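Next come the chains, spelled out residue by residue.
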Amino acid sequence: DQEAGGAETNARCGTFLVPENRRLARSRMLPLRVVILPSRASRPREPVFILSGGPGQPATDQAQYYRGGWHTENHEVVLLDLGGTGEGTALNCDLGGSDVDIQGYLDGYLADGTGYAACREALQRRADLRQYTTMSAMQDLDELRQALGYRTINLEGGSYGTRAAITY
């Protein structure tokens, strides 16, 4: 782990490796980014795992919003970029368009649907898209929970993160 953050709060940052396909003995390993914000309490309660929206939003991008807030008063906060999100595993496609022509982002996807097929073809050249499911992501989260030695955890999710929490 490397230390990150300012004088107010240090965050433990690292990478957690998980198999892309748990059924393959020699599966490609995915580097999932992790940020753990420490509790300010001398005896913290169970940690809070943050599940982001989207799907597709990297949780670690939200660390700044939890640093020094009420969450860290009595809990560690754990942010894990789920497979397919974040640096190293993001499943993003070039949508075209521009900030001046916002409709241009959607034309190929919604008007004739060709954008979806092109995106899928580009992504499946580098990833097994069948493995990027909510259930698989929650298996990754549970493996991280175990690796960190937590017996029980709290979950906080927004938007898609709520669905992920229910699946967990």
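A short tour of the structure in this document, coming up. (Residues numbered from 1 in each chain as written. Predicted model: local features only at pLDDT ≥ 70, side-chain atom pairs only at ≥ 80, totals over all residues. Heavy atoms only, no water.)

Within the element layout of this structure, Ser52 appears in the loop between strand 4 (45-51) and helix 1 (63-66). By relative accessible area, Ser52 is classed as buried at 8%. At a separation of 2.5 Å, a polar atom in the side chain of Ser52 contacts the side chain of Gln62. Those residues within four positions of Ser52 in sequence are excluded, and the remaining contacts are Gln57, Pro58, Ala59, Gln62, Gly158, Tyr160 and Gly161. (Helix = DSSP H or I, 4+ residues; strand = E, 2+ residues; numbered from the N terminus. Buried < 20%, exposed > 50% of the residue type's maximum accessible area, 1.4 Å probe, protein only. Polar contact = N/O pair within 3.5 Å; in protein donor to acceptor, adjacent residues only side chain to side chain. Contact = heavy atoms within 4.5 Å.)

Here Asp128 lies in the loop between helix 4 (114-124) and helix 5 (134-147). One polar contact links Asp128 to Arg130, side chain to side chain, over a distance of 2.9 Å. Apart from residues lying up to four places away in sequence, Asp128 is in contact with Glu20 and Asn21.

Counted according to the given criterion, the structure contains seven salt bridges. The partner of Asp140 in a salt bridge is Arg22, and the shortest N-O contact between them spans 2.3 Å. Of this pair, Asp140 sits in helix 5 while Arg22 sits in the loop between strand 2 (10-19) and strand 3 (29-37); the two residues are 118 residues apart in sequence, bridging distant segments of the chain. One salt bridge connects Arg22 with Glu143, and the closest N-O pair in it is separated by 3.1 Å. In this pair, Arg22 is assigned in the loop between strand 2 and strand 3 and Glu143 in helix 5, connecting sequence segments 121 residues apart. We classify Arg22 as partly exposed; its relative accessible area is 27%. Linked by salt bridges that have partners in common, Arg22, Asp140 and Glu143 make up one network. (Salt bridge = Lys/Arg side-chain N within 4 Å of Asp/Glu carboxyl O.)

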